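A look at the structure
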Amino acid sequence: MKNKRKYFNNGLPLLMLIGIILLGSCSKKEDAFANRKVSFNSDWSFHLNDSIQDKDTIGTSTKWRTLNVPHDWSIEGNFDEKSLAGYGGGALNGGLGWYKKTFKVAAADSSKVTSIIFDGVYKDSEVWINGHYLGKRPNGYIGFQYDMSPYLNYGDKNNEIIVKVDNSKQPNSRWYSGSGIFRNVWIETTDKLHVAQWGTYVTTPKVTAEKASVSFETTIQNQNTASKKATVTTTIFKEDTKVTSVTQNITIGANANQTIKQETQVETPILWSVEKPELYSAVTEISVDDKIVDQYKTNFGIRDFKFDLDKGFILNGKQVKIKGVCLHHDLGPLGAAINTRAIERQLEIMKEMGVNGIRTSHNPPAPELLDLCDKMGFIVMDEAFDMWKQTKTKYDYGNDWDKWHKKDLIDQLLRDRNHPSIFVWSIGNEIPEQWNENGVAIAKELAAITRQYDKTRPLTAAMNPPVNMNIDAVTLQFEKKNVSINPLAASGVLDLIGYNYAHQTYEHHQKNFPNTPFIATETTSGLQTRGYYDAVSDTIKKWPVSWDKKFTGGNPGNTVSAYDQVQTPWGSTHEATWKVIKKHDFLSGMYIWTGFDYIGEPTPYEWPSISSYFGIVDLAGFPKDVYYMYQSEWTDKTVLHIFPHWNWKAGQTVDVWAYYNKADEVELFLNGKSVGVRSKKGDDLHVMWRIPFQPGALKAISRKNGKTVLETEIKTAGNPENLKLTADRSNIKADGNDLSFVTVDILDAKGTLAPNANNEINFSLKGNGRIVGVCSGDPVSHESYKGSKHTALNGKCLVIVQSDTKTGRLELTAKANGLKPATIVITAE
Ligand code: GAL
């Protein structure tokens, strides 16, 4: 067992795993676990062709190109004002795409079960193996698998898999969906007696500091034509160390599934928390005649939590405010094709800001996101749907609701329920049916399904505010106003009252819903362009008036000032909502719309805008200023952040804001002369000076009890002269997946960021790798994210470099007219 464990932990080196597939053979060593699931991402052929609908015709086509999945073909296209996907879909086209791949399966595997696993294909995928139809899956966000065994050729003969992906009916999404096999693909090979798909369920019914009871429900599938006697052993590990194990003998009928229950205890458990996300693993081994025939690993965490009516969210006995953000699934310039490092980077940037929660709006995320949240410590709200039967866009999932919702929800629950990072299930976002009794009936059905598969987490729905938002003062308690209360909120179906926006009502929650705790499922929807400022900031602007009204009163080029002053009419400034959530213990927390900008759903909802302005961080991953407000409130870091930049017209009145913490005052100096000391009063979250601009240096000093805490300075930049490249990591893995995110700063001769520079930058790369994305975070840019040149936004740009499978030096050069070029070396090893 010891050796096995070691092997198990490290797994096969990825390259070897890929190699097994590339060589066209699934022949393997005798380790049941290590080869159970191997990557099937490389060397697919792809053909985008809207006119070929039928697989036999596509089979004769010669216009295939080779690529690796995850792949998103929409991101490769041009922004198109007339795109049927609309501005909501990021003005990028869908279409009909075909994928195929040829592979061999070892003769020895003919006695086994070989399945193909898709983690997500957007959308309406259909799959054939060697001409046999395996099935269809409309939902683009859920994983699914097909048993290919009966139709495979074993030994030297080739197999061909064909996948049709139909994202041609548009619009079908309110945001950019991406198109294609946009998540990982795997081949799973098991004995005919094996743990079923998503076949384990690990719970920790009782957790104390001394002891945790751990319960396993394991579904074993027997695909043999004879019944089998077997032993099922589940062993808990903490890293490499065996903690405890439990064994049971079973007899399982031919072609049958059997679910067994096992229980054990972990003494002095090391609890999973946001700060220390400690994981255990459970290894299920099925043995027949003392030979292990299947091994299956499930990561889990031991933690105890509840949502309390008065104290909000309690984790391991401690109150934890949920400081969450909503994220869509796209990865900015990489589109919707998932990449683990890119997701990890997003989460790292969020963690730096102090975020401890992620809402997977509005659909099941890539499994890798949940794995990362488990490891990094986030409180996840895992959401199932953006609509039920009633559609929001003409061709969306509402059309598939009747036939598929039950299976999709069950599969999400089975897939995700072992993740310790998940604390809340959301059965939907702003579902139109919430307003009628039919919606309550649907919610009851979804709640019953959810509770059947997981009773350990509360259930909510991200409702619209349970009051009539047209009433001027939504601040008032429901009982005192003649307001319509949302039937779903009133129905008692939900364990947690969750609604989006209307922060003015939160304080009255306990009066309005005395028996149900609260979570702000979605908040804020502030709007900002990174690095762009209206110099005089202090009037709150609601922009635009509503989705359907054309926006006329904004800034040239659809820019939005990055002071925290512009909001949607249904949302708030960042400060306004946080102030309320912060104030009351019974408000368990919030998920801000959104952590990152995402493609599509621009506000204003009009050309030339093609990506959202909601993010606290822009599409490239560069923080907007309000990031530091949260950092000053949500982290232990000492923060002093002043903005805007210091390049204005002589004499122009400019508002300077500072976010700070751990200090009782900030003094600002312009060219060495004090322009005043400011202190936050009451629940203030920033201070401000209104001063006439004078070129030079603006310096801020924060002080506590008269002693300097921090100093920071911004200077007037001269003409742009230099490019500076900074890689987030200059050593990456030579695995064909890893990424280095390189920031380009445009600087003046003295090294000051040129805050208005918008030079076009050309990139070139030498070595075994490729440029896979370029982006400035500009919501109105129509340059391709997939090109090798891009125009900077306010002095900054991002270029993403991906390794090849060969080790070596990658030399990235950036050039722009009139600026000195820059080069950086990244090592792939
Ligand atoms: C919410 C919705 C989100 C997004 C957001 C924009 O109402 O749930 O998906 O559209 O508005 O402010």
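Residues numbered from 1 in each chain as written. Predicted model: local features only at pLDDT ≥ 70, side-chain atom pairs only at ≥ 80, totals over all residues. Heavy atoms only, no water.

Attention now goes to the domain arrangement of the protein chain. Under the domain assignment used here, the protein chain contains domain 1 (8–36 + 192–300), domain 2 (42–183), domain 3 (321–634), domain 4 (646–715) and domain 5 (722–828). Taken together, the contact pairs 34 residues of domain 2 with 41 residues of domain 3. Interface area for domain 2 against domain 3, summed over the two sides, is near 3000 Å², with a carbon-plus-sulfur share of 64%. Summed over the three residues of domain 2 that lose the most area to domain 3, namely Tyr87, Arg174 and Trp175, the buried surface amounts to 24% of that side. Where domain 2 meets domain 3, there are four salt bridges. A salt bridge links arginine 174 to glutamate 601, with the nearest nitrogen and oxygen atoms 3.3 Å apart. Summed over the shared surface of domain 2 and domain 3, the number is 17 residue pairs in polar contact (both at pLDDT 80 or more). When grouped by side-chain class, the residues that make up the side of domain 2 that touches domain 3 number 13 nonpolar, 11 polar and 10 charged. (Domains from an automatic or database assignment. Contact = heavy atoms within 4.5 Å. Buried area = accessible area lost by both parts, 1.4 Å probe. Salt bridge = Lys/Arg side-chain N within 4 Å of Asp/Glu carboxyl O. Polar contact = N/O pair within 3.5 Å; in protein donor to acceptor, adjacent residues only side chain to side chain. Nonpolar A, V, L, I, M, F, W, Y, C, P; charged D, E, K, R; others polar.)

Surrounding the ligand, one finds Arg174, His362, Asn429, Glu430, Asn500, Tyr501, Glu522, Ser525, Trp570, Trp593, Glu601 and Phe614. For the ligand, an oxygen atom lies 2.7 Å from a polar atom in the side chain of arginine 174. Taking tryptophan 570, its side chain carries an N or O atom lying 2.9 Å from an oxygen atom of the ligand. Partitioning the shell around the ligand into residue classes produces four nonpolar, four polar and four charged. (Near = heavy atom within 4 Å.)

Burial of helix α5 (residues 367–376) is extensive: eight of the 10 residues sit out of reach of the surface. The secondary structure elements touched by the buried residues of α5 are β10 (185–190), α4 (340–353), β22 (357–360), β23 (379–383), α6 (401–416) and β24 (422–429). Glycine 377 sits one or two residues past α5 and shows a positive phi near 85°. (Buried < 20%, exposed > 50% of the residue type's maximum accessible area, 1.4 Å probe, protein only. Helix = DSSP H or I, 4+ residues; strand = E, 2+ residues; numbered from the N terminus.)

Turning our eyes to something else, we now look at the side chain of arginine 341. Relative to the helices and strands, arginine 341 resides in helix α4. Apart from residues no more than four positions distant in its own chain, arginine 341 is found in contact with Glu348, Asp728, Arg729, Asp738, Leu739 and Phe741.

This part is about the pairing of strand β46 (residues 822–828). Residues Ala822, Ile824, Ile826 and Ala828 line the buried face of β46, whereas the alternating positions Thr823, Val825 and Thr827 sit on a face that is not buried. By the bridge criterion, two bridges tie strand β39 (residues 731–732) to β46 in an arrangement that is parallel. Paired with asparagine 731 across the two strands is threonine 827, which belongs to β46. Two elements, strand β45 (residues 808–815) and β46, share seven bridges in a ladder whose sense is antiparallel. Paired with leucine 812 across the two strands is isoleucine 824, which belongs to β46. Connecting β45 to the next strand, β46, in antiparallel fashion are six residues, including glycine 818 with a positive phi near 80°. (Pairing = 2+ DSSP bridges.)

This part takes up the UniProt feature "domain: Glycosyl hydrolases family 2 sugar binding" (unreviewed entry) in the protein chain. The residues that UniProt annotates with the feature "domain: Glycosyl hydrolases family 2 sugar binding" (unreviewed entry) are residues 94–187. Strand forms 45% of residues 94–187 and helix 0%; the C-alpha atoms that close the span are 27 Å apart. (UniProt positions renumbered as here; feature names shortened; annotations may be inferred.)

Two numbers describe how α6 lies on helix α7 (residues 437–453): the axes approach to 9 Å, and their chain directions differ by 30°. Judged by the angle between their axes, α6 and α7 are roughly parallel. The handedness of the crossing between α6 and α7 comes out as right-handed. From α6, Trp401, His405, Lys406, Leu409, Ile410, Leu413 and Leu414 reach across to α7, where they touch Ile442, Glu445, Leu446, Ile449, Thr450 and Tyr453. Across the contact of α6 with α7, the residue classes tally to nine nonpolar, two polar and two charged. (Axes fitted to C-alpha atoms, helices over the stretch in contact; angles between N-to-C directions. Parallel < 35°, antiparallel > 145°, perpendicular 65-115°, else oblique. Left-handed = near helix turned anticlockwise from the far one by under 90°.)

Each pair of packed helices gets described by two things: the angle between the helix axes and the distance between those axes. Remark: α4 packs on α5, axes separated minimally by 10 Å, with the N-to-C direction vectors making an angle of 40°. Taken together, the axis directions place α4 and α5 in an arrangement best described as oblique. The two elements α4 and α5 cross, and the hand of that crossing is right-handed. Taking contact as the criterion, the partners of Thr340, Ile343, Glu344, Leu347, Glu348 and Lys351 in α4 are, on α5, Glu368, Leu369, Leu372, Cys373 and Met376. Taken together, the residues of the contact of α4 with α5 break down into six nonpolar, one polar and four charged.

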